[in-house]
Amino acid sequence: MTDLDVQTLRDAYDNQLRPEIPDPVPAGVTVERDGPLVRISGLDSGGFITYRDLGGLTGDALDELIARQVRLCGERGESAEWKLNEHDEPADLADRLRAAGFVPEDRETVVVGPVAPLAAALPVVPEGVRLREVTAREDLERIAAMEEEVWQADRSHLVWGLATEIDADSNSITVVVAEAGGTVVSAGWVRFPANTGFATLWGGSTLPQWRRRGIYRALVNYRARLAEQRGRTLMQVDCSEDSRPILERLGLVPVTTTTPYVYTP
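Remember, it's a predicted structure, so these values are computed and weren't measured experimentally.

Draft legend 1. The pattern of salt bridges, seen in detail. Taken as a whole and judged by the stated rule, the model has 23 salt bridges. A salt bridge links Arg 68 to Asp 34; its shortest N-O distance comes to 2.7 Å. With Arg 68 in helix 2 (residues 59-76) and Asp 34 in strand 1 (residues 30-34), this residue pair connects regions lying 34 residues apart in the sequence. With a closest N to O distance of 2.7 Å, Glu 64 and Arg 71 form a salt bridge. Beyond isolated ion pairs, a larger network of salt bridges with shared partners links Arg 130, Arg 132, Asp 139, Arg 142 and Glu 179.

Draft legend 2. Geometry of empty space enclosed by the protein. Inspection of the entire model under this criterion finds one cavity of 30 Å³ or more. Of the pockets and cavities examined, the largest cavity occupies roughly 30 Å³. Taken together, Arg 18, Glu 20, Thr 50, Tyr 51, Lys 83 and Asn 85 make up the lining of the largest cavity. Each residue belonging to the lining of the largest cavity can be placed in one class, and the counts come to one nonpolar, two polar and three charged.

What counts, and where the lines are drawn
- Residues numbered from 1 in each chain as written.
- Predicted model: local features only at pLDDT ≥ 70, side-chain atom pairs only at ≥ 80, totals over all residues.
- Heavy atoms only, no water.
- Salt bridge = Lys/Arg side-chain N within 4 Å of Asp/Glu carboxyl O.
- Helix = DSSP H or I, 4+ residues; strand = E, 2+ residues; numbered from the N terminus.
- 1 Å grid on protein atoms, 1.4 Å probe; cavity = no way out; pocket = protein on both sides within 12 Å on 5 of 7 lines; lining within 4 Å.
- Points joined across faces, edges and corners; volume = space filled by probe spheres on them.
- Nonpolar A, V, L, I, M, F, W, Y, C, P; charged D, E, K, R; others polar.

See the structure below:
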């Protein structure tokens, strides 16, 4: 990929996917605006702060915007995740977030690439594993249980979060499980953001004993075919260092990084 190609893909990501606002907004979810920021509550275990850019805010004006989010967290007793991209301006934004009490979590790489080659790849599902689209709460609970085993942390928010999205518009998200002998060994979902050419991939956690068998790749290819059926031409993933090499081999290109900065009152 040339620098121009990377810049073109990053521009598409910025212009089409940011800010990340659910459409339609699920029941029980609130979307609030504060200047350039959009704060979303009720979709996850805490609030989520997203934006296209900060409109040139710097210095004291930016500090006050950040401070308002901190005060709101305290008033509501709710944590908030500020999604910071590497190319966001101003350059000292991360320092200002840390000074206000936001704590950085693990950085991920944003990769973007064309859907067509992924959708055209021959499906290779490991022997004894089947992929299945699910919507039932029982299946969402099985996904959460699998993720809790992988991450050793509470993942119950996935159940009601995914359920509310499916209830709001089942055409905006598809959840896929990989099962072996009745056990969910991996799962991922694909979202179809309205009025964009993108499909975005999420999840992909796999039980340790089932890794390195091609399950993650099979889930990616499966969701790419769903995206092509919807007329989507680009795919985007916020990926860990574990999945990044796989996605790059499949043709997706790193365009920036993203780090969640979390404030907990």
